[in-house]
Amino acid sequence: MSRIITSIILLMTIGLCGCGLSRRNTDDIDGGVKTYNSGENSPKVVDSTEIISFEFEVSLYNIVVEEESELDGRNYKLSAVLEDGAVKSKIKWRDRAGAGEEHDFTADASFMTNLQEIVSKYDFAQHNGYISKVSGLPDMYGAKIDIKYASGESIYAYDNQDCFISIDAIKELVKIFKESE
């Protein structure tokens with residue numbers, strides 16, 4: 001009889017210890033896990049000037065752009081994709097309270113040329129490959145750029161904590177999207 005009780009206790013102990021349970025990824029729950037890549041091994045020069053896809057997100061929640069600027073306290077998502085000679089574009093913004101707007105528009109191919117001028121002027125390629133991500137943060141508080149060129153070259157950088165793009169570049173990007181909508 002004592003062997004049966006011992007066996008039952010052993011089986012219960014094994015079951016309670018979690019044997020057979022799958023492991024969960026808790027990075028997003030626990031927070032604080034940091035992924036970092038300086039980007040030093042990524043190309044810092046893009047020879048092509050023909051953008052075929054442009055994605056940009058920036059948070060200005062914790063940055064004061066200037067007194068009474070409509071950019072203050074907003075998160076912007078800008079995108080543009082060249083398809084059959086036309087550029088399908090979108091500007092989306094929201095404030096800290098969640099209110100915002102979204103506008104889709106179609107532009108001609110010169111819109112991508114204008115984007116490339118800003119990308120080149122502010123040397124976005126210098127950030128290529130830079131990634132800094134801290135899991136568990138409540139919202140995007142940094143910036144993301146993802147630009148693809150017809151040549152196959154690309155620029156990608158991401159930081160969900162800090163904005164690595166200059167305020168002047170952000171102003172110009174938001175301006176050309178707003179003027180084109």
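Draft legend 1. Structural context of the overall build of the chain. The helix and strand inventory of the chain stands at four helices and eight strands. In the chain, the succession of helices and strands from N to C terminus is α-α-β-β-β-β-β-α-β-β-β-α. Classification of the 181 residues of the chain by burial places 35% in the buried group. A separation threshold of at least 6 residues defines the contact pool for the chain, and within that pool the share at least 24 residues apart is 62%.

Draft legend 2. Seen up close, the sheet that holds strand β6 (residues 131–134). Read from one edge to the other, the open sheet built from eight strands follows the order β1-β6-β8-β7-β2-β3-β4-β5, with strand pairing classed as mixed. The open sheet is flanked by β1 (34–37) and β5 (100–108), the only strands paired with a single partner. Sheet twist, expressed as the mean angle between neighbouring strand axes with direction ignored, is 10 degrees. Lying over the sheet, helix α3 (residues 110–121) contacts β2 (51–59), β3 (74–83), β4 (86–95), β5, β7 (143–149) and β8 (154–159), oriented at roughly 55 degrees with respect to β2. Its contacts with the sheet place helix α4 (residues 167–180) against β2, β3, β4 and β5, and it is angled at close to 60 degrees to β3.

Draft legend 3. Representation of the nonpolar core. Membership of the largest hydrophobic core comes to 37 residues, with the highest contact counts inside it found for Phe54, Phe56, Phe111, Leu115, Phe124, Ile165 and Phe177. Sorting the residues of this core by element identifies β2, β3, β4, β5, α3, β7, β8 and α4 as the ones contributing at least two each. In contact with Phe54, other than residues within four places in its own chain, are Leu78, Ser79, Ala80, Leu115, Val119, Asp146, Ile147, Leu173 and Phe177.

Draft legend 4. The packing of aromatic side chains, seen in detail. Within this structure, the stated rule accounts for eight aromatic pairs. Between Phe54 and Phe56 the ring centres are 6.4 Å apart and the planes differ by 25 degrees, which places this aromatic pair in the stacked class. Comparing Phe54 with Phe56, the two get one shared label, buried. Their ring planes at 70 degrees and their centres at 5.6 Å tell us that Tyr61 and Tyr141 sit as a pair that is edge-to-face. Within this pair, whereas Tyr61 is found in the loop between β2 and β3, its partner Tyr141 is found in the loop between β6 and β7, the two being separated by 80 residues in sequence. For Tyr61, a relative accessible area of 5% corresponds to the buried category. Grouped by ring-pair contacts, the aromatic residues Phe54, Phe56, Phe105, Phe111 and Phe177 constitute a single cluster. Directly above the aromatic system of Trp93 lies the positively charged group of Arg74, at a separation of 3.4 Å from the ring centroid.

Draft legend 5. Molecular detail of the pairing of β6. Every second residue of β6 is oriented toward a common face, the buried set being Ser132 and Val134 and the non-buried set Ile131 and Lys133. Both β6 and β8 contribute to a ladder of two bridges, which runs parallel. For Ile131, the partnering residue across the bridge sits in β8 and is Tyr158.

Draft legend 6. Region of interest: the pattern of salt bridges. On inspection of all chains with the given rule, the structure shows seven salt bridges. One salt bridge connects Lys144 with Glu55, and the closest N-O pair in it is separated by 3.9 Å. Here Glu55 lies in strand β2 and Lys144 lies in strand β7, a separation of 89 residues in the sequence. The class for Lys144 is partly exposed, based on a relative accessible area of 23%. Note that Glu102 and Lys90 form a salt bridge whose closest N and O atoms lie 3.1 Å from each other. Pair noted here: Glu102 is in strand β5 and Lys90 is in strand β4, with a separation of 12 residues, a long-range link. The class for Glu102 is partly exposed, based on a relative accessible area of 41%. Judged by its relative accessible area of 28%, Lys90 is partly exposed.

What counts, and where the lines are drawn
Residues numbered from 1 in each chain as written. Predicted model: local features only at pLDDT ≥ 70, side-chain atom pairs only at ≥ 80, totals over all residues. Heavy atoms only, no water. Helix = DSSP H or I, 4+ residues; strand = E, 2+ residues; numbered from the N terminus. Buried < 20%, exposed > 50% of the residue type's maximum accessible area, 1.4 Å probe, protein only. Contact = heavy atoms within 4.5 Å. Pairing = 2+ DSSP bridges. Axes fitted to C-alpha atoms, helices over the stretch in contact; angles between N-to-C directions. Core = buried A, V, L, I, M, F, W, Y, C linked by side-chain atoms within 4.5 Å. Phe/Tyr/Trp six-rings, centres within 6.5 Å; stacked < 30°, edge-to-face > 60°. Lys NZ or Arg CZ within 6 Å of the ring centre and 35° of its normal. Salt bridge = Lys/Arg side-chain N within 4 Å of Asp/Glu carboxyl O.

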